[in-house]
Amino acid sequence: MLNIIPPHLLIFAIIVAVALVWILDKFTPRQPASQRQKVYGLRQAYPTTEQETGPGPSTSIIFVHGLAADPSRAWCHGDVCWITDLLPIDLEQRGHKSSVRLFNFNYDSVWVRRLNSTRLTVTAESLSHCLLSDKRCQGDIVLVGHSYGGIVIKQALADYPELKDVVKGVLFLGTPHRGTPFTRFGTLASGLLRLGLLDSDSDIMRPLEPDSVHLDDLEKKFAKRYRNTTRIYYFETQKLCRKFLGVVPLIREFIVPEQSATFGADSSQRRPLYADHAELSKFQDRNDRNYLTVSSDLLDILDHHSPVPAPQHALASESANRGTYMLIPFERNEKFVRRELLLEQLVRKASPQATQSLCQRTAIAGLGGVGKTQIALEAVYRIHEADPECSIFWVPAINAASFEKAYREIGRQLGFGIDQEDTDVKLVVKEALSSSSAGRWLLVIDNADDVVLPRGETSKDDSNVEVATSSSLTEFLPSSPLGSIIFTTRNYVAARRLAGADVLTVSLMDSDESRELLDSSLDLELAGTDETMLRLLDLLGNLPLAMKQASAYINENRISATEYVDIYTSSEDEEIYLLSREFDDLGRYDSKDMKNPIATTWLISFRRILNTLPLAADFLRIICFVAEQGIPQSLFESYPQSNSRAKVAEAVGILKAYGFVTERVGTRSYDLHRLVQVSARHWVERTGEFGYWVTAALGTLNRVFPTPTYFETLLQREHWLQFIPHIERLLQFRKHADDREAETNLLLAFADGLKLLGRYDEAENLFRQTIEIMEKEFGIHDLRVIEGINRLANALAAQSRCEEAARLRLQMLDLFPENTNDELDDQKHMIMGSLAVDYSYWGRYEEAQRLLPTVIKYQKETLGVESRRTLLSMMILGDVLDRQGRFAEAERYFREVLELSEKAVGRNDFLISYILANMAGPVLSQGRREEGNLLIQQSLRVVNETHGKETVHMLGHLFILVSTLSRKGESGSRELESLSRRGMDLSTKLLGEKHYDTGWWMSKLGFELSRQHNYNEAARVYRRALTLMEHATGIRYSKLREYLEQRLRDMEDAMEEDMEEDMEEDMNDDMEGDTTQDEDI
């Protein structure tokens, strides 16, 4: 029997087919064959024939479009073609106008409406033929491919390895290196079209099927032959959306997923573009952030592979008689801010006349952008002024090419024939300057961030694998008693290796120096008020390069400093944009490896660290998401890959060496410059790993941050508190994290911490938010959720909201299944014990008494009668009996617990002191005052001997004693006043004067003073407490302020109307109620 297709499905299929045909027909170019042929092949886009002047360009950039593209529109956003309208402007600004040609390589990529005989291999062969034989492409080549165009480029390069020497870079814009799931759509559409409506040919897409064997083979060939070629992989971050008739959604997909677009790339080669697949190759203006990303990479390739110019000498003079030379690439900076102490040290050390016995070496080390080059520049001018017979040579060690170029220029100036390619100019210059005939000289090696110089060559290692060769910079340094060498470097380790102990560290400018530099750089009419200028300096971190960059932007765009600050602080995206802007600076090099913008000036160092010591780069990528001040050493030690203290020390050491972190003396903590942190986050974002490193930071903090409890936390208060600002900062990025368990664990621990700090409202809100996340993630019956709810109940109880806490715990008990395991049973009885405490403080003693025996029985069976948890539960039951007025029974119970405890933990234990203090209550209530006071003194002695007089255990113990004595009618006694004063002082020291607990102790002391008719001092204590608690938020603080204000009013009335006795009675009643509420501290 035939299956009949339901009519509604048949109608839907027809509608989908019509829609597919419509959208394909609508978006496919309609050019006549004659016109198509005219645009195919290699077409020069810039410069036009009329624009070309001078010698032929040295570099060609060739753009290859993707499938189904209209060649005339493939790189256009509206009427703007970025290849011809935008990129030439940047080429001109970077000095590449006359050295670059731009080409489009166009081919027949339309696969609907007609059969297409073009295949990948044919198209790739056509491209490679152009690259090899077209006379316009003489010189270096850079290739840019969009989507399928990137596959065409890979195929052409893989098939013709002889192109390896001329291809300097390849940019892949959304190229499907592992294929694309969209081919399924294309195959379906092609089949529909062949039903008779339109011609089509889907074979052109066969190589793009996901996990294609052809693509895998192509990747292996390409990677093997072009692994040393600069390659950048861009991926789309928005789904492509297409609608039928503008209403019905047909497509909403990532055409080339990130995994496919970045296959074969390492983290430094990945770039996100904020567009869908169709818009990856279309930019609307020079401020388009996607254009900024792509054009920056293109220009970097051009900078790196263009011939490195010899220094443009501001002063190049030679005295034939004296043989004196001045080879300095920069004019003297007339606006140099004089850092006199450092300059005097440098001039004194680096002068060739400073010593007659050896070649002096001096290094200047400091953070990138701190002004090292400018300091060295001023120093050499001063040395030359003092000693005109001293030759000055300047060598930028940005890379091996710049180093050799500068040495070659020195050789020419010295008159050596070194133009032969096989001459090792570096050794020639070294030998010449080492001779005494060279006279006195000063050599500056600028930007010597690495003592190793890559040669740009390869050799075979022991395993017959090609590896890059390198040389030590020290191999080429001259040595003469008449000479001196100054190194500038970001790397303190390199500084020590090059100059030994003669290293001068350049710190950030002080406020006066920073203000002087900013004032000298800004146009006067654009400067702001003193407040604005100080705010700007704070934002820029007193970093000279940042100030120069900000000043250039303000001056060029004619905006005020105030407006700049407003833009800068509006969002991190705006901050990154401003810090990424290129600017002209006559005192810096124009080179790929020495960018002017702050956001990119450290990238070369970040990448060098990543290659040298990946663990250090991991640390940097973690701490860029925490607070920049006071980063604990233990944070590094808790990172999973930190499996060796030596490795941690090395990794932190390299971050210190580059000046990225500075150590706080004696604290085992570090500070990170704010702009370094912002730049590191930008680096992480550019590599597409933002979420990964947020998750890593969250997991690391989760491991190192303890779940706070009252006594354990306060015992290590300083250790614990140092993590609070880091958690607060990290939580700003938690939406990017991908580890819910670590996230919720950290949130709960942080909420516990906020509670203990007295930030009750924040703690409660965070508990509730976290529980909501956990319920969605794990389910309401999950033990982790139950534990979270229990901690929320503890937070409510800590605010004297015992009724709410008890109701919440009752709801929690209903969540436990009937059939539980040991872990659930233990959690259930812990909650029952907490519920009993809630009932006790709520005044519902009968309910507490019914629960506690069940809890104690369970604990005796599972933990044993001598377990601390069991003994504490028994002590709580004794306290409940005492509050019920069953004093004799309570005393007997306390003595039983005391006997068991002494057997379990000995006589000198904190638990013993608690039991003695609580047992004093029923003893006093039975009229045995002397015996009760003896128990109190014994308890204090135990605490002193076990924990000391100024510990959190003593603070908790004092509270028990004060509460007990207050309940037993001892208010107004000297003893209670003394205990209250001692508690206030200790709480101030341990918790801080603005903590709620300190406020409570102050209120208690004021009350005891008023009971002794010492109203003036009591009023002073109350007013002091009100002042300290004035801005604290939360119900508990509000109640405390109301209580203090009422006490002050009552005392003022009593002092005026002489109504002390009435006041005392009222205050006694109120205070006893207040004491009962606050016994959970």
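Residues numbered from 1 in each chain as written. Predicted model: local features only at pLDDT ≥ 70, side-chain atom pairs only at ≥ 80, totals over all residues. Heavy atoms only, no water.

1. As for the packing of aromatic side chains
Two aromatic rings are characterised by how far apart their centres lie and by the angle between their planes.
At step 1: Within the structure shown, the criterion is met by 33 aromatic pairs.
At step 2: Between Trp75 and Trp82, the ring centres sit 6.3 Å apart and the planes meet at 70°, which makes this aromatic pair edge-to-face. Trp82 matches Trp75 in its accessibility class, with the two residues each being buried.
At step 3: Linked through ring pairs, Phe63, Trp75, Trp82, Phe283 and Tyr291 together constitute an aromatic cluster.
At step 4: The cationic tip of Arg178 hangs over the ring face of Phe263; the distance from NZ or CZ to the ring centre is 4.5 Å.
At step 5: Above the face of the Phe778 ring, Arg784 is positioned so that its terminal group lies 3.8 Å from the ring centre. (Phe/Tyr/Trp six-rings, centres within 6.5 Å; stacked < 30°, edge-to-face > 60°. Buried < 20%, exposed > 50% of the residue type's maximum accessible area, 1.4 Å probe, protein only. Lys NZ or Arg CZ within 6 Å of the ring centre and 35° of its normal.)

2. Here's the deal with the sheet that holds strand β23 (residues 669–672)
At step 1: What the three strands build is an open sheet, ordered β21-β23-β22; its pairing is antiparallel. Strand pairing shows two members of the sheet lacking a second neighbour, β21 (631–632) and β22 (661–664), which therefore form its edges.
At step 2: Relative to β23, β21 is paired through two bridges, and the arrangement is antiparallel. Bridging across to β23, Pro632 finds its partner in Ser669. (Pairing = 2+ DSSP bridges. Helix = DSSP H or I, 4+ residues; strand = E, 2+ residues; numbered from the N terminus.)

3. What about the sheet that holds strand β11 (residues 270–273)?
At step 1: Overall, mixed pairing links the seven strands, which are arranged β1-β5-β2-β6-β7-β8-β11 in an open sheet. The open sheet has two edge strands, β1 (41–46) and β11, and neither has a second partner. In this sheet, neighbouring strand axes are inclined to one another by 20° on average, regardless of whether the strands run parallel or antiparallel.
At step 2: Sheet topology note: the strand β2 (residues 59–64)/strand β6 (residues 140–146) ladder contains six bridges and is parallel. Within the sheet, the bridge partner assigned to Ile62 lies in β6 and is Leu143. (Axes fitted to C-alpha atoms, helices over the stretch in contact; angles between N-to-C directions.)

4. So, the confidence of the model for the protein
At step 1: Of all residues in the protein, 81% have pLDDT values of 70 or greater, and the mean over the chain is 80.
At step 2: Contacts for the low-pLDDT stretch residues 113–117, under 50 throughout, to residues beyond four places or in other chains number 20 contacts. (pLDDT = per-residue confidence, 0-100. Contact = heavy atoms within 4.5 Å.)

5. Some thoughts on the side chain of Gln360
At step 1: Residue placement: Gln360 occurs in strand β14 (residues 360–365).
At step 2: Filtering out sequence-adjacent residues up to four positions away, Gln360 remains in contact with Lys349, Thr355, Gly483, Ser484, Ile485 and Asp502.

6. Side note on the pairing of strand β7 (residues 167–173)
At step 1: Of all seven residues that make up β7, six are buried, and the element is covered over most of its length.
At step 2: Here β6 runs beside β7; their pairing, made up of six bridges, is parallel. From the neighbouring strand, Ile141 faces β7, where its bridge partner is Val167.
At step 3: The β-α-β motif built from β6, the intervening helix α5 (residues 148–159) and the parallel element β7 has right-handed crossover chirality.
At step 4: Two elements, β7 and strand β8 (residues 230–236), share five bridges in a ladder whose sense is parallel. The partner of Leu173 across the bridge, within β8, is Tyr234. (Right-handed = clockwise from strand over helix to strand, strands pointing away.)

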